[in-house]
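Geometric and topological summary
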Amino acid sequence: MARVLAGILVVWIVLDLLDANRGNTVVGWFREAADWLAGWSIGLFDVSQHALQVLLDYGIPAIVYVLIAHLVASRTVART
């Protein structure tokens, strides 16, 4: 599940950096989902370059979700 969440964030990063049409329904869905998933990290760091800002705002939570899932999975496997 965490990979799906991270995947949504990565897709949004790509769409944003490629300047996808925000009026498109699919693009809008990814934007809204990514904003919700990354709400806690948006603006955590303030940089002047748009590309770097997008990578920080959405890349950090993608990494965090995958790391948490990996940690939970490794602890679950260790107990069995």
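Rules used in this analysis
- Note on numbering: residues in each chain are counted from 1, in written sequence order.
- Per-residue local features are limited, in this predicted model, to residues with pLDDT of at least 70; the limit for side-chain atom pairs, both in listing and counting, is 80 or more; totals at the level of whole chains, interfaces and linings are taken over all residues.
- Processing note: side-chain calculations cover all non-hydrogen atoms of the structure and skip hydrogens and water entirely.
- Note on aromatic pairs: the rings of Phe, Tyr and Trp (six-membered ring only in Trp) are paired at centre separations within 6.5 Å, and the planes decide the class, stacked below 30 degrees, edge-to-face beyond 60, tilted for the rest.
- For every residue, the accessible area (1.4 Å probe, protein chains only) is compared with the maximum for its type, and the residue is labelled buried under 20%, exposed over 50%, or partly exposed between those bounds.
- Confidence scores labelled pLDDT are given residue by residue by the predictor and lie between 0 and 100.
- By definition, any uninterrupted DSSP run of H or I lasting at least four residues is a helix, any uninterrupted run of E lasting at least two residues is a strand, and each is numbered from the N terminus.

**Focus on the packing of aromatic side chains**
- Here the structure, examined in full by the defined rule, presents 2 aromatic pairs.
- Seen from their ring centres, Trp29 and Phe30 are 5.0 Å apart, and the 90° between their planes marks the pair as edge-to-face.
- Relative accessible area serves as the criterion here: at 48%, Trp29 is assigned to the partly exposed category.

**Describing the confidence of the model for the protein chain**
- On average, residues of the protein chain score 94 in pLDDT, and 96% of them reach the 70 mark or higher.
- By mean pLDDT, the top-scoring element of the protein chain is helix H2 (residues 25–37) (97), and the lowest-scoring one is helix H3 (residues 50–79) (91).

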